[in-house]
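Secondary and tertiary structure notes
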Amino acid sequence: MRLAYDTERGALMSGGALETHASLAAMARLDRLEAEAVYILRELTHYARPALMFSGGKDSAVLLHLALKAFAPAKPPFALLHIDTGHNFPEVLEFRDQRAAEAGLKLVVRGVEESIRRGSVRLASETASRNAAQAVTLLEAQQEFQFDALIGGARRDEEKARAKERVFSHRDAFGAWRPRAQRPELWGLYNRHLAAGENMRIFPLSNWTEADVWAYIAREKLALPALYYTHDRDVVRRDGLLFPITEITPPRADERVERLPVRFRTVGDITCTCPVESFAANAEDVLLETLTASVSERGATRMDDRANAAAMERRKLEGYF
Amino acid sequence: MDGATFFRPTQNWNGEQVRFMTAGSVDDGKSTLIGRLLLDSKVLMRDQAAGLDGDADEIDLAALTDGLEAERAQGITIDVAYRYFATPRTSFIIADSPGHEQYTRNMVTAASVSDVAVIVIDVARVEQGVLRPQTRRHAAVAALMGLNIIVAVNKMDLVGWSQDRFDEVRGAFNDVAGILNIKNIAFVPVSAKRGENVVHRGGPDWYQGPTLVELLEGAPRKQSLATAPLRLPVQVVLRDGDTRLYAGRIESGAVKPGDKVRVGPGAFAATVAHVRVGGAGVAYAEVGASVAVELSEDRDLAQGGVIADTEVRYARRVVADLCWLDENAWVPGRRYRLRQGALETQALIEEIRFVRDVSNLDNVPSSELKLNDIASVQVAARDPILADAFAELPGTGAFVLFDADTNQTAAAGMIREIVQ
């Protein structure tokens, strides 16, 4: 796929054509992925009350950027929704609020804390991971606002269960994913239809890899929360991962706290998201590290998926993203 | 395993991306083959390869792709799984499609997003030159959907790399291909389990041809549709002040300011004033691009309409090949929702011309259409649809049928002839 931007037209028409053509070719893969995601996002006009899941993390930042492009110069016809576990990094929440305001979109935040107060979520302990509880709060928010379509930044390269999910993932009234009853998904002719009470989860980044996301962040010069890049942080070594030390995640008695240069590859609940050692100071550096990484994104950073081999599958069956 | 084994090769950011699917009968070794491709092209991460230590006979490569608990328990693949890997030359997306009969519809899904089909055949299961019914069905679907085919004759190590057995499979497949009119086929003898002729060379002296990965790298691509007639289905009409912008993805052809077009379904003449991508003006955009187009004239064009070249034709009645995907069989006289491009309208299957019997690939008369059937039918649409043949314009020559009551995806259709 080729695009000739107006600014590059001159070069294309002049003696510089060869060079410019080469740079266009180099963009081909990201252009294709972007065009596909924009196409998927424009399919959302079918729904009465769609919302885009926006945590302030890198995938949702890419998703928001794509949504702004898809509907430019108009505003995307959906709200932003964040299910806050109450254990998020403050700088990520700041970034979330700032980006939502810049985009001029309504931001709805619902917290797991509220579900705990209501009694619809009970945690084993105060510091237990709240990832599983997110599904409950999500469904409650969905009912409260009557959202019929939720857009997520999940990618198929992240995890085994995700690799089997459709772009338009149909959910019943309980938000449950039924892998055996998935609708066939042909060409780009998506089946968007819902019965009353059902809803759709939509994943425009399905075909992106972690490297694609970083290449796109670099190309589009997208802002991200600073903790995606190298910074010094107190950590302990736990179960082969670096575990961040914060107020709600203190070290255990036998653990030695170290201060290391780290960055986060994913940003989720503090109690189960771990950084990796890194000196990468910008998106280009991270892209290089990603291309030479030897441990997958979730494997390196997510304690919740390591609980057992089917952890993600089970959470999805219960309505998780 | 040694960490260095899993150092990923530099991804090819400049090259093409080849999307291919895998198909084959149950237990012919599709998932093992994919596991082998991922393992030997060194894209697996250490954690994903954990548990794969051990000698070749013990490695359960299929466990890499059989993602769901339910599948591991039953030892089968339930649904299409998408995988990503790259060689120094090419990047790939694999759609791993199950062979189990009840999930054949998933192969249709995988085929619709693929350029090439890799059909895996267990050499030991081809007896007296007869392919298993599922293999024939998969060949038929790949042919229907216009894919090039690579046949990986698997488990060759179990028959002592017998050239006679390989030739027997090739002969049997070529017989089927002749009936199905498939032109581009390549054959490669492999052992997915032992990793021979998949990424690395191996096996017998009598085979000196390319490995599976080399075949994939050199696979003939679908012809670029950039020079084909323009088809731009309108997904949404955007506004910039008083200006209307028609937004959608170019399914074939290219568009630039000044182009004379027809906007449909009324086929009114119009001129392209501006083309935007992501809000910015562009001088040219082609097939695959998601654009927003401004016209010089004020035309009646809404979501579901099409911006097309000046030769575009519409029809209300077409002959199409249909793959039935729904567990509910077709009900004569029943109206289905038809989606072509961004348009949804009602449609009626007026006549079943024949159903293809996949056991002998004969065309047989039938009055019913049920799950996994492949048929030639006449379809009538309530609103005019693009009269595009799938073979020339796959983006708009394709349609799907939805069941209006259950919302299930009922059928995949490919337009072959225009009736009126």
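Keep in mind that what you see is a predicted model, and the values were worked out from it rather than measured. (Residues numbered from 1 in each chain as written. Chains lettered and ligands numbered in written order. Predicted model: local features only at pLDDT ≥ 70, side-chain atom pairs only at ≥ 80, totals over all residues. Heavy atoms only, no water.)

**What about the side chain of E220(A)?**
All names here are of chain A. Counting through the fold element by element, E220 comes out in helix 8 (residues 210–220). Within polar-contact distance, the side chain of E220 engages the side chain of R219 at 2.9 Å. Those residues in contact with E220 that sit more than four places away from it in its chain are E34, H65 and K69. (Helix = DSSP H or I, 4+ residues; strand = E, 2+ residues; numbered from the N terminus. Polar contact = N/O pair within 3.5 Å; in protein donor to acceptor, adjacent residues only side chain to side chain. Contact = heavy atoms within 4.5 Å.)

**A word on the nonpolar core**
All names here are of chain A. Ranked by size, the top nonpolar core spans 61 residues in total, and within it V62, L66, W208, W214 and I217 carry the most contacts. Of the residues forming this core, the biggest block, eight residues, is contributed by helix 4 (residues 58–71). Sequence-distant contacts of I217, defined by excluding residues within four places in its chain, comprise K58, V62, L222, L224, Y229 and A283. (Core = buried A, V, L, I, M, F, W, Y, C linked by side-chain atoms within 4.5 Å. Buried < 20%, exposed > 50% of the residue type's maximum accessible area, 1.4 Å probe, protein only.)

**Topic: helix 6 (residues 163–180) of chain B**
Residue and element names in this part refer to chain B. Its 18 residues place the ends of helix 6 25 Å apart at the C-alpha level, agreeing with the 26 Å of an ideal helix rising 1.5 Å per residue. Of all the residues in helix 6, the buried ones are F166, V169, A172, F173, V176, A177 and L180. In an axial view of helix 6, the angular spread of the buried residues amounts to 140 degrees, which keeps them on one side of the axis. The exposed residues of helix 6 that point more than 90 degrees off its buried face are D164, D175 and G178. Buried residues in helix 6 make contact with strand 4 (116–122), helix 5 (133–144), strand 5 (148–154), strand 6 (185–189) and strand 18 (343–357). Where helix 6 begins, the capping side chain belongs to S162, and its oxygen is found 3.3 Å from the backbone nitrogen of D164. Count one or two residues on from helix 6 and you reach N181, which has phi positive near 60 degrees. (Expected span 1.5 Å × (residues − 1). Arc of directions from axis to C-beta.)

**Quick look at the pairing of strand 21 (residues 398–402) of chain B**
All names here are of chain B. With respect to burial, strand 21 is a largely interior element, five of its five residues being buried. Two strands pair when backbone bridges link them, and strand 17 (residues 335–340) and strand 21 are joined in this way by three bridges, in the antiparallel orientation. Bridging from a neighbouring strand, L338 pairs with L401 of strand 21. The pairing of strand 21 with strand 22 (residues 409–418) spans five bridges and is antiparallel. From the neighbouring strand, F399 faces strand 22, where its bridge partner is G413. Two successive antiparallel strands, strand 21 and strand 22, enclose a turn made up of six residues, where N407 displays a positive phi of approximately 65 degrees. (Pairing = 2+ DSSP bridges.)

**Things to note about the pattern of salt bridges**
Should their charged atoms come close, side chains of opposite charge can pair. All names here are of chain A. Going through the model one piece at a time under the given rule, you end up with 44 salt bridges over all chains. For R155, the salt bridge is made with D59, and the minimal N-O distance between the two is 2.9 Å. Of this pair, R155 sits in the loop between strand 5 (149–151) and strand 6 (168–171) while D59 sits in helix 4, and the two are 96 residues apart along the sequence. Across this residue pair, the class does not change: R155 and D59 are buried. (Salt bridge = Lys/Arg side-chain N within 4 Å of Asp/Glu carboxyl O.)

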